[in-house]
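Structural overview for review
What follows is the residue order along each chain.
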Amino acid sequence: MQIKPNGSQASSIGPVTNFTGHARRDPIHTALDPSRLAVGQVTFDPGARTVWHTHPVGQLLIITAGCGRVGTWGGEVREVKAGDSVWFEPGEKHWHGAGLTTAMSHIAVTEAENGSAVDWLEPVSDEDYAK
Ligand code: MN
């Protein structure tokens, strides 16, 4: 058993290669072999979002605070609020982020395949984000 006390893992700022706007990442659990499960909290300032990306074996989001938006390639932009959960299928191209004027936090539950849990792609345009 391992207990990670609150305050023992540093926050980090989402890098500009993977995020538009200001996003803070707080790790919760890093994959420990043979488990491939990784869990982290992300907090997006209003207008902030990930770039387009895919997950090789899917991803579960649990919205924990605020109101944000999620989008899939060729699909609608949907509003999500605290208490909602979102599942993205393996390989489904998508993004997640804050609302236009509201912050959003989620817990992301992701499994790696061959050591990688995400493939980052191009930024989400302001037009696609604001749909
Ligand atoms: Mn994702």
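Scoring rules and cut-offs
- Residues numbered from 1 in each chain as written.
- Predicted model: local features only at pLDDT ≥ 70, side-chain atom pairs only at ≥ 80, totals over all residues.
- Heavy atoms only, no water.
- Donors = N, O, S within 2.8 Å, 3.2 Å for Na, K, Ca; no water.
- Helix = DSSP H or I, 4+ residues; strand = E, 2+ residues; numbered from the N terminus.
- Buried < 20%, exposed > 50% of the residue type's maximum accessible area, 1.4 Å probe, protein only.
- Polar contact = N/O pair within 3.5 Å; in protein donor to acceptor, adjacent residues only side chain to side chain.
- Contact = heavy atoms within 4.5 Å.

A few words on the coordination of the manganese ion. Around a metal, the perfect tetrahedron of four donors has angles of 109.5 degrees, and the perfect octahedron of six donors has angles of 90 or 180 degrees. The manganese ion binds to the protein through His53 (NE2), His55 (NE2), Gln59 (OE1), His94 (NE2) and His96 (NE2); the donor distances cover 2.1 to 2.2 Å. Motif for the manganese ion, donor spacing along one chain: H-x1-H-x3-Q-x34-H-x1-H.

Here histidine 55 shows up in the loop between β6 (53–54) and β7 (59–72). Under the relative-accessibility criterion, histidine 55 is labelled buried at 4%. Side chain to side chain, histidine 55 and glutamine 59 meet in a polar contact 2.7 Å long. There is a polar contact of 3.4 Å between the side chain of histidine 55 and the side chain of histidine 94. Those residues in contact with histidine 55 that sit more than four places away from it in its chain are Glu89, Pro90, Gly91, His94, His96, Thr110, Ala117 and Val118.

Next up on the list: unusual backbone geometry. With an omega of 5°, the peptide bond between aspartate 33 and proline 34 qualifies as cis. Turning to its location among the elements, proline 34 is positioned in the loop between β3 (23–29) and β4 (37–44). A positive phi angle is found at asparagine 114, which is not glycine, with a value near 55°. Along the chain, the position of asparagine 114 falls in the loop between β11 (104–111) and β12 (119–120).

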